[in-house]
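Structure assessment
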Amino acid sequence: MAEIIEVNDLVKVFRNGVRAVDGVSFTVSKGEIFGFLGPNGAGKSTTLRMLSTLLRPTSGTAIIDGLDVVRDAREVRKRIGLVAEKMILYDYLTPYENLRLFGKLYSIEEKELDKRINELLKTVEMDKWKNERVKNFSTGMRQRINLVRGLINYPKVLFLDEPTLGLDPHSSVEIRQLIAKLNKEMNITVILTTHYMEEVDALADRIAIMNNGKIAALDTSENLKRRISEETILEAKVTDSAGALKAVRALEYVRDVSSSDGVLRITGQGRDFVDAVINSIKSTGAKIISIKEVEPSLEDVFIKLTYGGE
Amino acid sequence: MGIKSELSHTFWITWKDLMELRRSKMRMAMMVLMPLIMMAMMSFMFPSTNSVSNIPVMMVNADPGAMGSGIVQALEQINSASGMMVLKNASSEEEARDMIVEGNALGAIVIPENFSQILTTRSSTVNITVITDNSNPQISQMLSQVLTQIIDSMGERYAVMGLEPIARNIGVNPVAMVVPFRAEAKGVTEGGSYVEFVIPGLLMMTMISSVMTGLPRAIAYEKDIGTMNGFLAAPISRFSIIGGKALGRIIRGFIQGILSLILAIVLFRINVYGNLLAIFAILFLGVFSFVGLGIVLTSVAEDEETASMIIMTLTLPMMFLSGIFFPIQMMPSFMQTISKWLPFTYAVDAMRRIMVFGATLGNVYNDVLVMLIFGIATLIIAIPVFERGMTR
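Along each chain, the written sequence defines residue order, and numbers are assigned to residues from 1. All chains are assigned letters beginning with A, and all ligands numbers beginning with 1, in the order in which they are written. Only residues with pLDDT of 70 or above have their local features reported here, since the model is predicted, and side-chain atom pairs are shown and tallied only from 80 upward, although totals for entire chains, interfaces and linings are computed over all residues. Heavy atoms throughout the structure, all of them, feed into the side-chain values; hydrogens and water do not.

**Some details on unusual backbone geometry**
Where we set the bar: By definition, any uninterrupted DSSP run of H or I lasting at least four residues is a helix, any uninterrupted run of E lasting at least two residues is a strand, and each is numbered from the N terminus. For every residue, the accessible area (1.4 Å probe, protein chains only) is compared with the maximum for its type, and the residue is labelled buried under 20%, exposed over 50%, or partly exposed between those bounds.
Residue Asn212(A) is not a glycine yet carries a positive backbone phi of 50°. Among the structural elements, Asn212(A) can be located in the loop between strand S9 (206–211) and strand S10 (214–219). Overall, the relative accessible area of 60% leaves Asn212(A) in the exposed class. Although it is not a glycine, Asn54(B) sits at a positive phi angle of roughly 55°. In this fold, Asn54(B) is placed in the loop between helix H2 (25–45) and strand S1 (55–61). Residue Asn54(B) is classed as exposed on the basis of its relative accessible area of 53%.

Spelled out as structure tokens, the structure:
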């Protein structure tokens, strides 16, 4: 069976009437890293919480490894791991004790558990700290322990809810490398939510962009970028960016303009797009210092799908 | 999933909670300090006749005769044994009143000018006036009671002395002529200080609040910081979670309860008449009867703040209405009615009867029944409420 997760028309309406997830369907293959990208409140965490049996769906189904997340919740729980931005770690316990506690809750036999804990702590290079209290660790160290804590039951599917939120860039890169490594070495399917573009871009095999409780697009990073490639993106450095911005924005070829540090980023399409942009900037009296065409980034796709366009 | 693994999960969650407690120096210190401060407060705060001392009292002897100074001497003698008062002389009733009004004295004893004269002629009775500071009602009431008693019995003794020759003539006991009968008040057991009244209730309260307030707060806290998700996403029964947490709280409460009991016996020398096993049985029954309520509150409270607010609103009236600090009979009747509906009242009552009166479990079967019924009823309500609250 290649599809380890099958989600069909999943809906979550909260008691206060908010429709957080509004008919989401997708499948995930075994061994895949599947990323959810979206602005705050898009419904990515709610989707993930339903898949990890923490929330009961209002309607629709989610099947993990052939088991229904509502009906067979307990069996599903044996097969999944959960790592969230709010770390599941106890400060007064040591890394070893934290992992042991959760190992016991998964009814792992003592000898096997000891072996796993030592192995996992070694993987994240925390084995020399295994008997120190978590209280004194840095956020990066904690997240590394938290990550392997979610792996104590050798899950088939690992859910990562914003795993690098609040980490410094260095720690974030470290955690990302770890996720990629675990995915490859242990053949774990990873479901990831984040609002960092570079995170999904670097890690995910496929990306679902969520907005208003719906999946706005679902594809590989390359295909998503290609989707808007009929558009051209220009970066122009000009002398009077404020005036130029106004003039460019008025053009009918232009879909989006932004400006930072005197550099205008202009997105649009049409045969005369480049010509029209250059002319309109010049007509304001501003000088163009440099102009170049750039590749679309995932951010452009994200913005087009969640705020503009559709 | 067998019962054995459910129990193992419960145990590990309890272990985690107790470990967190043991490793926090502050929490450990508080656990010992809380019952100590509580006990100390209760026993020192409320006056009992034999613990009050050094009350400043003005002595006014306007009587030039020998009788007045005899009374003064006798009073001084009695007082030097108990140390209850500090007697100071004043020249007149007015001066004594001024001293009280100024706050320099809490009472006065006034022997009138014609005291010796009336006593020797026995033409009528004469009063020794006891004046008290009624802005201080507790001391005032106690002082007037004690002094009235002392002075009355001095009067009796004087009467007996006067009657002695006549009584001897007709062959009767002179005391029987003056005071033919008396009331004799006896407790079921000895002792009966305020501390002894309060401690059983405090003990019960420590234990019960540990589950009733500690449980919702502990679970709400874990929800807030997100660690609850670790338990909820694990393949364990929801009852292992609540059971593990509750057990941790019960053990903590029990340790505190025992500690309070030992402190009370060692520091305040209270007498425990009841069977220790019966005391433990009631402690556990009391806790059991409140686990259900604790779970309901847990399910209702969405975060720690809400949990704390609900708990405060519930426990404060319960504490005062259940008769821990004041006898229920001293409350207005509508409050007595409310009190009858609080299961806490029965837990406190049972504990007090066993500790102070040496009652057996059979003697308090009524209380036991109420606690059992309340415990089972709330648990029956709590189970579905909790399950729904956990998987929204």
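**Here we look at the domain arrangement of chain B**
Using the following cut-off: Segmentation into domains, and thus their bounds, comes from an automatic or database assignment.
Domain boundaries in chain B define domain 1 (3–46 + 193–390) and domain 2 (50–178). Placing the centre of domain 1 of chain B and that of domain 2 of chain B at their C-alpha centroids yields a distance of 50 Å.

**Quick look at the packing of helix H8 (residues 194–212) of chain B against helix H12 (residues 276–300) of chain B**
Residues and elements named next belong to chain B. Threshold: Axis definition: a line fitted to C-alpha atoms, limited for helices to the stretch in contact. Angles are taken between N-to-C directions and run from 0 to 180 degrees. Oblique is the label for any angle not under 35 degrees, not over 145, and not in the 65 to 115 range, which are roughly parallel, roughly antiparallel and roughly perpendicular in turn. Left-handed is the label given to a crossing in which the near helix is rotated counterclockwise from the far helix by less than a right angle, and right-handed is the label when the rotation is clockwise. Throughout, a contact is declared for two residues whenever any of their heavy atoms are within 4.5 Å. Amino acids are sorted into nonpolar (Ala, Val, Leu, Ile, Met, Phe, Trp, Tyr, Cys and Pro), charged (Asp, Glu, Lys and Arg) and polar (every other residue, Gly among them).
Contact geometry of H8 with H12 gives a least axis separation of 7 Å together with a crossing angle of 30°. Looking at the two axes, H8 sits roughly parallel to H12. Where H8 crosses over H12, the handedness of that crossing is right-handed. Note on element contacts: H12 touches H8 through Ile282, Leu283, Gly286, Val287, Phe290, Val291, Leu293, Gly294 and Leu297, opposite Leu203, Met204, Met207, Ile208, Val211 and Met212. Of the residues belonging to the contact of H8 with H12, the class tally is 13 nonpolar, 2 polar and no charged.

**Topic: the interface of chain A and chain B**
Which entries qualify depends on this criterion: Just to be clear on terms, a salt bridge is a Lys or Arg side-chain nitrogen sitting within 4 Å of an Asp or Glu carboxyl oxygen. Throughout this description, a polar contact denotes any pair of N or O atoms lying within 3.5 Å of each other; where both atoms belong to protein, one of them has to be capable of donating a hydrogen while the other can accept it, and for residues adjacent in sequence the pair is counted only when both atoms sit in side chains.
With 29 residues of chain A in contact, the opposing surface of chain B contributes 32 residues. Counting the contacts that link chain A with chain B gives 2 salt bridges. Arg23(B) is the salt-bridge partner of Glu97(A), the closest N and O atoms lying 2.7 Å from each other. Counting across the interface, chain A meets chain B through 10 residue pairs in polar contact (both at pLDDT 80 or more).

**Digging into the pattern of salt bridges**
Per the counting criterion, the structure on display carries 26 salt bridges over all chains. With a shortest N-O distance of 2.9 Å, Glu235(A) and Arg265(A) are connected by a salt bridge. Of this pair, Glu235(A) sits in strand S11 (residues 232–238) while Arg265(A) sits in strand S13 (residues 263–268); the two residues are 30 residues apart in sequence, bridging distant segments of the chain. Take Arg265(A): its relative accessible area is 22%, and that puts it in the partly exposed class. With its nearest N and O atoms 3.0 Å apart, the salt bridge here joins Asp349(B) to Arg353(B). Linking Asp349(B) with Arg353(B), this pair stays in helix H15 (residues 343–357), spanning 4 residues, or about one helical turn. Three or more residues joined by partner-sharing salt bridges are found here, namely Asp65(A), Glu75(A), Lys78(A), Arg79(A) and Lys156(A).

**Notes on the confidence of the model for chain B**
Low-pLDDT stretches of the model should not have their predicted coordinates read in fine detail. Residues and elements named next belong to chain B. The cut-off we apply is this: Values of pLDDT, which run from 0 to 100, indicate the predictor's confidence residue by residue.
Chain-level statistics for chain B give a pLDDT mean of 85 and a share of 96% at 70 or above. Within chain B, the lowest mean pLDDT, 80, falls on H2, and the highest, 93, falls on strand S3 (residues 107–111). Per the prediction output, this complex has pTM 0.74; the corresponding ipTM is 0.81.

**Considerations on the packing of aromatic side chains**
Residues and elements named next belong to chain A. What counts is decided by this rule: When two rings of Phe, Tyr or Trp (its six-membered ring) have centres within 6.5 Å they constitute a pair, described as stacked for plane angles under 30 degrees, edge-to-face for angles over 60, and tilted for the intermediate range.
Applying the stated criterion to the full structure yields 14 aromatic pairs over all chains. Seen in terms of ring centroids, Phe26 and Phe36 are 5.3 Å apart; in terms of plane orientation they differ by 75°. Their pairing is edge-to-face. Pair noted here: Phe26 is in strand S2 (residues 19–29) and Phe36 is in strand S3 (residues 33–37), with a separation of 10 residues, a long-range link. Each member of the pair, Phe26 together with Phe36, is buried.

**Remarks on H15(B)**
Residue and element names in this part refer to chain B. Stated formally: Expected helix span is computed as 1.5 Å times (number of residues minus one).
The first and last C-alpha atoms of H15 sit 21 Å apart over 15 residues, in line with the 21 Å expected at 1.5 Å per residue. Counting buried positions along H15 gives 12 out of 15 residues, so the element sits mostly inside the fold. For H15, the full list of buried residues reads Pro343, Phe344, Thr345, Tyr346, Ala347, Val348, Ala350, Met351, Arg352, Ile354, Met355 and Val356. Buried-residue contacts for H15 involve H8, helix H11 (238–268), H12, helix H13 (304–321), helix H14 (333–340) and helix H16 (365–390). Positive backbone phi, at 65°, marks Gly358, one or two positions downstream of H15.

**Points about a negative patch on the surface**
Filter applied, for reference: Patch membership needs two things, relative accessible area over 30% and no salt bridge, and members are linked within 9 Å if like-charged or within 5 Å if nonpolar (Val, Leu, Ile, Met, Phe, Trp, Tyr). The method behind every accessible area is Shrake-Rupley, applied with a 1.4 Å probe, and residues are considered shielded solely by the protein chains displayed. None of His or the chain ends enter the tally, which takes Lys and Arg as positive and Asp and Glu as negative. Every charge is mapped onto a representative atom, which is NZ of Lys, CZ of Arg, CG of Asp or CD of Glu.
Residues Glu94(B), Glu95(B), Asp98(B) and Glu102(B) make up a contiguous surface patch of negative charge. Structurally, Glu94(B) can be placed in helix H4 (residues 93–101).

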